[in-house]
Amino acid sequence: MLKNLNSKHIQRFSYKYLPQFPISPNSPKLGFSRSQIANYRSNFPTTIMSSSKTIVLRSSDGETFEVDEAVAVESQTIKHMIEDGCADTSIPLPNVTSKILSKVIEYCKKHVETPNADEKVAEEDLKSFDADFVKVDQSTLFDLILAANYLNIKSLLDLTCQTVADMIKGKTPEEIRKTFNIKNDFTPEEEEEVRRENAWAFE
Amino acid sequence: MTIADNIHDDIFQTHILTKLDGQTLAAAGCTSSKLQSLCSDQHLWSDICHATWPSTADPLLTTTISAFSSGHRSFFSDAFTSPTRRLTTTTRRPTNEIISAVDLRYAGELIFSKVESTKTVPTDWFQTSPFRVDLLEPKEVVLSGVKFSGTGDDHVMLSELENNMILSWIVIDPTRNRAVNLSSGKPVLVQRNWLTNGIELTFAVVVSVKDDDCVTCNVQVTCGVNEGRGELTVRGVSLTVLDVYGKCLSGKNSMVILQGIMAGERRRRGGGEERERYREYMQMRRERNEKMERRERWLDMACVASGVAFFMAFWSFVMC
């Protein structure tokens, strides 16, 4: 039966199962040796329909989340844990609740799925996702900041901190106190002096 | 739960406060004592100063500014605001040196930045000669990297310069640790000087002294356009203090004015008023000069008439 296979069949066979291999008219007409194919496969383990590794994350209240490794390594903390070999069973995250962890995973998933700002449409889509993502109440926002800092996810930390900065911008001290529920602990004399020094900023 | 309790101090300082501008940072520092200590960090304010006025990153200035009462924070509040409109001159001991930090931007891009130290020791020569600070040598030319398409419409180019040029001229007194921004931000006047074929931009603040007298701190920037490439060049940047007749004040009087402005109150930097005030000042200048001319003409005619009368009297005396 092998004798009936001509070079054309072999070329088509190799093209179907090794998609990255360039087929040119000058490539060898006969197939590839087993050692060649094995060597090739070991260099590109994930291209051939391989299942990517999943990581299990455990929140502070005991809930577990299974995520792709590519999504989990958005967090530098988790990435270092995996590299150090601590990620055999599951990774415990005692500082992050399940509610916040699910939101963080949602963010990381979206950012891994979207290609890196190649097309304008993808970039716009990501921007509107980010804008909607931070439309949460203050305590969730602060918890997200703490989680992003603990998990060391730079883009999430920048996004959440920029949101808080935008909430402070352009407001007078009274308005800032009201927005963030800050207690005014100045004595009247101190308050007077501080206002006098900084009146140029808001009056 | 408040923001200050929830988020750790270092996250708050390194990630949130660094994203605020000067005004917001000052307002946030007024809310509570904890935020006040967080917002007083010198690195935050020095970063804001360097971003707003790149010339302040000069090593000569960083040590001078650090000596201010609250370091970069008080420097920012001095330089960000406008000088007072009404000056109350009181006698002050003259200072020996002033430092000028100048930044010129076109459409947000920095095209010229310089720090210059001027000795103002009250010698006889300094006190009587006209006061002037020049940042460029007579033949020195600075390329700006801003291109103008062709020399077609002069009017269009002048209006573009008027809308896009922003200058800040900060005068710093290192002995008294005060500073003031003497520029009007955007130019109050842009005109072409047909003699030198240059474009003159005036950035001036007008200050009233006493009842109806006023002076102006006049910053003049002279630009030209390179014939070949159509590139804007800066040929001269200077500061003078002019009185109501348009004459340069002497060193002694200029320093009195400058020191008075530095010690005076500050106003919030508003938009567009400087141009109005400058127009009123030019109007006042024109009227005063006309009045003076008229007076001199009358004086001339009176002298001629008395001379003729004397001559006639003498002649008639001789004839008779």
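Here, the structure is the one placed above.
Here is a short report on the structure shown in this document. Fair warning: this is a prediction, and the values are worked out from it, not measured in the lab. Per chain, residue numbering runs from 1 following the sequence as it is written. Throughout, the order in which chains and ligands are written sets their labels, letters from A for the former and numbers from 1 for the latter. It should be noted that, the model being predicted, local features are given only for residues of pLDDT at least 70 and side-chain atom pairs only at 80 or more, the latter also being counted only at that level, while totals for whole chains, interfaces and linings use all residues. With hydrogens and water set aside, each side-chain value is computed from the structure's full complement of heavy atoms.

## Side note on the overall build of chain B
Numbered from the N terminus, helices here are DSSP runs of H or I no shorter than four residues, and strands are runs of E no shorter than two. The helix and strand tally for chain B stands at 11 helices and 13 strands. What the globule rule says is 2.2 Å times the number of residues to the power 0.38, and the radius of gyration is computed from C-alpha atoms. The C-alpha radius of gyration of chain B comes to 25 Å, more than 25% above the 20 Å expected for a compact globule of 320 residues. Viewed in the frame of its principal axes, chain B has a C-alpha envelope of about 110 × 55 × 35 Å. Per-residue accessibility, obtained with a 1.4 Å probe over protein chains only, is compared with the maximum for each type, and a residue is labelled buried under 20%, exposed over 50%, and partly exposed between these values. Looking at the 320 residues of chain B, the share that counts as buried comes to 46%. Contacts are assigned to residue pairs with any non-hydrogen atoms lying within 4.5 Å of each other. Taking contacts inside chain B between residues at least 6 apart in sequence as the whole, the part at least 24 apart equals 64%.

## Points about the nonpolar core
Buried together is how nonpolar side chains tend to be arranged in soluble globular proteins. The criterion is simple. A nonpolar core is a set of buried Ala, Val, Leu, Ile, Met, Phe, Trp, Tyr and Cys residues joined through side-chain atoms within 4.5 Å. Core analysis: the biggest nonpolar cluster contains 75 residues, and A:Leu57, A:Val104, A:Ile145, B:Ile16 and B:Phe75 have the highest contact counts within it. B:Ile16 has contacts with A:Ile145, A:Cys161, A:Val164, A:Ala165, A:Ile168, B:Ile7 and B:Ile11, leaving out every residue within four places of it along the chain.

## With respect to a positive patch on the surface
On the surface, a cluster of positive charge is contributed by B:Lys291, B:Arg294, B:Arg295 and B:Arg297. Assignment of secondary structure puts B:Arg297 in helix 11 (residues 273–319). Here a patch means residues that are over 30% exposed by relative accessible area and free of salt bridges, tied together within 9 Å if like-charged and within 5 Å if nonpolar (Val, Leu, Ile, Met, Phe, Trp, Tyr). Exposure was quantified through the Shrake-Rupley algorithm and a 1.4 Å probe, taking into account, for residues, occlusion by the shown protein chains and nothing else. The rule for a salt bridge is simple: a side-chain nitrogen of Lys or Arg has to be within 4 Å of a carboxyl oxygen of Asp or Glu. Within this scheme the basic residues Lys and Arg register as positive and the acidic residues Asp and Glu register as negative, but His and the chain ends are omitted. To locate a charge, the coordinates of NZ of Lys, CZ of Arg, CG of Asp or CD of Glu are taken.

## Notes on the sheet that holds strand 7 (residues 165–173) of chain B
Residues and elements named next belong to chain B. For two strands to be treated as a pair, DSSP must find at least two bridges joining them. Taken together, the 4 strands give an open sheet; going across it, the order is 4-3-7-8, and neighbouring strands pair in antiparallel fashion. Unpaired on one side and paired on the other, strand 4 (109–119) and strand 8 (178–181) mark the two borders of the sheet. Neighbour to neighbour, the strand axes of the sheet diverge by 15 degrees on average, direction disregarded. Helix axes are fitted to C-alpha atoms over the stretch in contact, other axes to C-alpha atoms as well, and angles between N-to-C directions run from 0 to 180 degrees. Contacts from helix 7 (residues 72–80) reach strand 7 and strand 8 within the one sheet, and its direction differs from that of strand 8 by about 35 degrees.

## Some words on the pairing of strand 12 (residues 231–242) of chain B
Residue and element names in this part refer to chain B. In terms of burial, strand 12 is largely enclosed, as 11 of its 12 residues are buried. Note that strand 5 (residues 132–134) and strand 12 share 3 bridges and pair antiparallel. Counterpart to Arg-132 in the pairing with strand 12 is Thr-240. For strand 6 (residues 142–147) and strand 12, the ladder comprises 3 bridges, and the chain directions are antiparallel. Pairing of Val-142 across the sheet is with Val-234, part of strand 12. Sheet analysis places strand 11 (residues 213–225) next to strand 12, joined by 10 bridges and oriented antiparallel.

## Side note on the interface of chain B and chain A
Across the contact, 31 residues belong to chain B and 31 residues belong to chain A. Once two parts are brought into contact, the accessible area they lose, counted with a 1.4 Å probe and summed over both, makes up the buried area. Here chain B packs against chain A, burying approximately 2800 Å² in sum over the two surfaces, 69% of which is carbon and sulfur. Close ionic contact of A:Glu197 with B:Arg73 constitutes a salt bridge, the shortest N to O distance being 3.3 Å. Whenever two N or O atoms come within 3.5 Å, that pair is a polar contact, provided that in protein one can donate a hydrogen and the other can accept it, and provided that, for residues adjacent in sequence, both atoms are side-chain atoms. The tally of links between chain B and chain A comes to 6 residue pairs in polar contact (both at pLDDT 80 or more). Counting only elements with at least two residues in the side of chain B that touches chain A, the list comes to helix 1 (3–6), helix 2 (9–16), helix 3 (22–28), helix 4 (33–39) and helix 7 of chain B.

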